[in-house]
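An overview of the molecular structure
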Amino acid sequence: MLNRLYFVFLLLVTLLSSPVAHATKLAPPTAIDSTDLQQGAQLFQTYCATCHNFGQRSIGPSLGRVMTDVPVNWLKRFIHNAPALIAKGDARAKRLLKDYGQIMPAFTNLDDADLDRLVLYIGSKQAKGWQARKGPDGLSDPITPKIANRGRILELAYVKTAPASATAVPLARINKMAPLPGPTVPSERVFLADLRGKLYETTRPDWTVAFDMAEQVPGFIHQPGLATGFGSFAFHPDFYKNGLFYTTHTEKPNAAPADFAYADSIKVTLQWVITEWTLADPTATRFSGKGREMLRINMVAPIHGMQEIAFNSTARPGSPDYGLLYVGVGDGGASENGYQFLCADNRKPWSSVWRIDPQGRNSRNGRYGIPATNPFVRAADPAVVREVYCRGFRNPNRLSWTPTGQLLITDIGHANVEEINLARPGADYGWPLREGTFVITPTGRMDQVYSLPKADAARPYVYPVAQYDHDEGRAISGGFVYTGTAIPALRGQYVFGDITSGRLFGINATALTIGKQTPIEEFVVSVDGGQTTFQALTGQEKADLRLGQGANGTLYVMTKADGKVYQVVGVR
């Protein structure tokens, strides 16, 4: 009873102290006890924590003062069905769409009791004094020159639509498409993964399921979304000889002991796992074989996990990089949740791109190897993570190689800048103290960036070779250098896009130089002969765009919102 009355009191004090609450007709409080608060916390982690926290602007606004900013009944309606409020012309909802560039999904599965529990939990955080971090205003327009659009048209053709893995947007969380070179060079198979667990072989007449993560891993989860689930896959370059295939996926917190963990006082939201699969028949339509867990890492939040693994596509047998697996490990939301020390140096594994040898066994857990050519392998400090190839990334979501063997790393920014980085072994790209070519303060207002100090040249940071700010887009998709022969005018261009807006861009990959910004050019999009946009094609503010690579260097564009796949067929 005491718990129940205490928490009801906290909620009512929070609501009634709000200047807008007096204008809101509040329903009589129902009996709410500590169990309801715990359930509210669980609901928040499932549906809200990916985009919101209580002290910092993230993908969505901070909720540290939401109870003093909006009426509680409006908040419940917005949580329940934000798209419906926007469609009705609600001024506050439309303003949030304008400010953040994407629509919060509807949670119509939450009933009134769930919404009451969520509001109770959010209210309890207000009562405990969670406040937005303080700090001065930063640059209002960090990158003043706008991306050029010279009317160059990228021609695409609709190919097919992926099987829907949900009834609500995004219909198919198709995230990565990659070719598997065959036993003979002209023969390539192409695979595409849905984050909800299925790997399809797309080169067959229909969508053939080659691998189902949910069937293979009982602990597999793909909630709460935003890159959680079946994150990435990679085929060993000797796949047809050894049958080795690698995947990343997410599981619940504490599903098993982590190889990389942190203090017990910091919450674990989920774990990312890398698995090596040995397939009985590499030529089979349906993959069948045994899995071997290689490593497991804890994450503070469900965002910025282990979204990418890849082998150097340009390495040949006998070269030092052949058969080494690169792994993109994000900060797991640590910085914006107040744990920036987890991603501040090479003694921590987060915010890094790793390079490991799947066939070696000299790692701490004895399940993979650390290459002798890694930059920190001979570090005197025993705490240094020797898997690290380079570090200083918030969310190194995509890795790809230029024809000359240069590794490109796309890094999704926080509130201001999206990056394309040219990898250098041992380099530090600045996060959480830099975002693009700007200063960011992880202990202050992370939604602000500031000009570099005059003494910055003395600091050890490496900066992006191309970048754009959030008046151009919200999240870089990553892409590929076109290496095909069907479109000569596109050769040498690194084609990429923006996940939210669906805009497509290009840069000259032959001109990339560290210390210099390479100009970005926007393509006009033409699909099946008609100029359009991916927002128009999907009917969504968030197109959820990704790029994929097919056989013989062919480029594809995918939109998770509707599960459609398009092939790049020309440029003019």
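Here is a short report on the structure shown in this document. Being a predicted model, the structure only gives us computed values, none of them experimental. (Residues numbered from 1 in each chain as written. Predicted model: local features only at pLDDT ≥ 70, side-chain atom pairs only at ≥ 80, totals over all residues. Heavy atoms only, no water.)

Description of the overall build of the chain
Regarding its fold elements, the chain presents 9 helices and 29 strands. Taken over the C-alpha trace, the chain has a radius of gyration of 24 Å; the compact-globule value for 572 residues is 25 Å, and the two agree within 12%. Dimensions along the principal axes, computed over C-alpha positions, put the chain at roughly 70 × 55 × 55 Å. Distance between charge centroids for the chain: 2 Å, based on 59 positive and 50 negative side chains. (Helix = DSSP H or I, 4+ residues; strand = E, 2+ residues; numbered from the N terminus. Rg over C-alpha atoms; globule rule 2.2 N^0.38 Å. Lys, Arg positive; Asp, Glu negative; His and termini not counted. Charge placed at Lys NZ, Arg CZ, Asp CG, Glu CD.)

Considering helix α5 (residues 91-100)
What α5 keeps buried is the set A93, L97 and Y100. Considered in projection along α5, the buried side chains sweep an arc of 90° and stay on one side of the axis. Away from the buried face of α5 by more than 90 degrees, exposed residues A91 and K98 are located. In this structure, the buried side of α5 is in contact with α4 (72-87). If you check the start of α5, you find a side-chain oxygen 3.1 Å away from the backbone N of R92, and it comes from D90. Among the residues trailing α5, G101 stands out with phi positive, at a value near 75°. (Buried < 20%, exposed > 50% of the residue type's maximum accessible area, 1.4 Å probe, protein only. Arc of directions from axis to C-beta. Contact = heavy atoms within 4.5 Å. Polar contact = N/O pair within 3.5 Å; in protein donor to acceptor, adjacent residues only side chain to side chain.)

Overview of the sheet that holds strand β21 (residues 480-481)
Pairing within the open sheet is antiparallel, and its 4 strands lie in the order β21-β22-β23-β24. Taken across any chain shown, the strands that pair with only one partner, and hence form the sheet edges, are β21 and β24 (521-522). (Pairing = 2+ DSSP bridges.)

Focus on the pairing of strand β23 (residues 504-508)
Of all 5 residues in β23, 4 are buried; the element is thus mostly enclosed. Two strands pair when backbone bridges link them, and strand β22 (residues 493-497) and β23 are joined in this way by 5 bridges, in the antiparallel orientation. The residue bridging G497 from the neighbouring strand is L504, located in β23. The turn linking β22 back onto β23 is made up of 6 residues, and G502 within it adopts a positive phi angle of 80°. Relative to β24, β23 runs antiparallel, the two being bridged by 2 bridges. Bridge pairing links F505 to E522 in β24.

With respect to the pairing of strand β7 (residues 230-235)
Most of β7 sits inside the fold, with 6 of its 6 residues counted as buried. Across 5 bridges, the pairing between β7 and strand β8 (residues 244-251) is antiparallel. Each residue of the ladder has a partner; that of F230, found in β8, is H249.

Focus: unusual backbone geometry
In this chain, V169 is followed by P170 through a cis amide linkage whose omega measures 0°. For P170, the position within the fold is in the loop between β1 (153-161) and β2 (174-181). Omega for the bond connecting Q223 with P224 falls within 30 degrees of zero, at 10°, which places this linkage in the cis form. Tracing the sequence through the fold places P224 in the loop between β6 (220-221) and β7. If you check the backbone angles, H304 has positive phi at about 55° while not being a glycine. Topologically, H304 is positioned in the loop between β10 (289-299) and β11 (308-311).

Focus: the nonpolar core
Residues I297, M306, V327, V329, W350 and W354 are the most contacted members of the largest nonpolar core, which totals 40 residues. Going through the elements one at a time, β8, β9 (270-279), β10, β11, β12 (325-329) and β13 (352-356) are the ones with two or more residues in this core. Ranked by residue count, the leading element in this core is β10, at 4 residues. Residues contacting W354, with those up to four places away along its chain left out, are F260, L295, I297, L325, Y326, V327, V329, P349, E387, V388 and Y389. One finds F54, L75, L120 and Y121 within the second-largest nonpolar core, a separate group that totals 28 residues. (Core = buried A, V, L, I, M, F, W, Y, C linked by side-chain atoms within 4.5 Å.)

Thoughts on the pattern of salt bridges
With the rule as written, the count across this model stands at 27 salt bridges. The shortest N-O distance in the salt bridge between R398 and E308 comes to 3.8 Å. Taken together, the residues span a long stretch of sequence, with R398 in strand β15 (residues 396-401) and E308 in strand β11 at a distance of 90 residues. The network of salt bridges with shared partners includes E251, D259, E293, R296 and R367. (Salt bridge = Lys/Arg side-chain N within 4 Å of Asp/Glu carboxyl O.)

Quick notes on the environment of D428
Residue position: D428 is located in the loop between β17 (417-422) and β18 (434-435). Assessed through its relative accessible area of 17%, D428 is described here as buried. In this structure, the C-alpha to C-alpha distance between D428 and E201, residues 227 residues apart in sequence, is 37 Å. For D428, the contacting residues outside a window of four places in its chain are R391, G392, P460, Y461 and V462. Reaching out from D428, the side chain makes a polar contact with the side chain of R391 at a distance of 2.9 Å.

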